[in-house]
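Geometric and topological summary
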Amino acid sequence: MNLKKILIATKNPGKAREFRSFFEPRGFKIITLNDLENPPQIIENGRSFTENALIKANALTKKLQTTTLADDSGLMVSALNGEPGVFSARYAADHDDAANNQKLLNKLVNVPNEKRDAIFHTTLVVTSPNHQPLIVEGEVKGYILQQPAGHDGFGYDPLFYLPQFYKTFAQMSVAEKNQVSHRGQAIKRLAEKFDDWWE
Ligand SMILES: O=c1nc[nH]c2c1ncn2[C@H]1C[C@H](O)[C@@H](COP(=O)(O)OP(=O)(O)OP(=O)(O)O)O1
Ligand SMILES: [Mg+2]
């Protein structure tokens, strides 16, 4: 965040696109793990979003002595007692969005629409060599459709429906999704708090 360059400890291009959409118009450049020659292997074995985001951000701050932002997020479905939660990326198979979405649909096959509510959660953590971590969160409520709709976005976006917009996340532009999403809300909170934290 110094020098108007933000290093994000993510390999997920979908997340990167959403961060870019917010920060680039504000004059920042976004760099991710995919831009590094030797990215560290990061094992996300925390029990909470916060633990995992701290693991990711600290891995880069340790390795490069630099300020780093990490995002750990996931979907919590009420009818499944909060599943897949921190296991969202590896629910059916590791980072296989189609398989993960299909598993979710299978688990909810007999659940009626009004009981298919879910929360998308993001925890963002910023670490720096000489600061305590800055931690912010964002959440949004929606419903899991009975079949996918839309082709934009990533992950569970085609199944996550927002009744107030009559759309899934996969039917929204990046800018539109950022206006309402868990990640968009967390980014706004981060932007509000960052300057005081950095001082
Ligand atoms: O806005 C979203 N729209 C749809 N799906 C989403 C979203 N946000 C997170 N998700 C899914 C993707 C992944 O299956 C899991 C997060 O896992 P999470 O470890 O945080 O991200 P990741 O492994 O894809 O990238 P990385 O850890 O390198 O940042 O929840
Ligand atoms: Mg991950």
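Residues numbered from 1 in each chain as written. Chains lettered and ligands numbered in written order. Predicted model: local features only at pLDDT ≥ 70, side-chain atom pairs only at ≥ 80, totals over all residues.

**Regarding the nonpolar core**
I8, A9, A57, L69, L124 and V125 are the most contacted members of the largest nonpolar core, which totals 23 residues. If you list the elements that add at least two residues to this core, you get β1 (5-8), α1 (13-23), α2 (49-64), β3 (68-77), β4 (117-127), β5 (134-144) and α5 (182-198). Leave out the neighbours within four places in its chain, and L69 touches I6, L7, I8, A9, A57, L124 and V126. (Core = buried A, V, L, I, M, F, W, Y, C linked by C-beta atoms within 7 Å. Buried ≥ 20, exposed ≤ 12 C-beta atoms within 10 Å, placed from the backbone. Helix = DSSP H or I, 4+ residues; strand = E, 2+ residues; numbered from the N terminus. Contact = placed C-beta atoms within 7 Å.)

**Things to note about the UniProt feature "binding site: Mg(2+)" (unreviewed entry) in the protein chain**
Per the UniProt record, "binding site: Mg(2+)" (unreviewed entry) is found at D72. Along the chain, D72 turns up in strand β3. Once residues within four sequence positions are removed from consideration, D72 is found in contact with F49, N52, A53, K56 and T123. (UniProt positions renumbered as here; feature names shortened; annotations may be inferred.)

**Thoughts on α1**
Note on helix geometry: an α-helix contains 3.6 residues per turn, so any two residues three or four positions apart are oriented the same way. Taken residue by residue, α1 has E18, F19 and F23 as its buried positions. For α1, the arc enclosing every buried residue in end-on projection is 120°, short of the 170-degree limit, so these residues lie on one face. If you follow the buried residues of α1, they end up packed against β1, β2 (29-32), α4 (174-180) and α5. (Arc of directions from axis to C-beta.)

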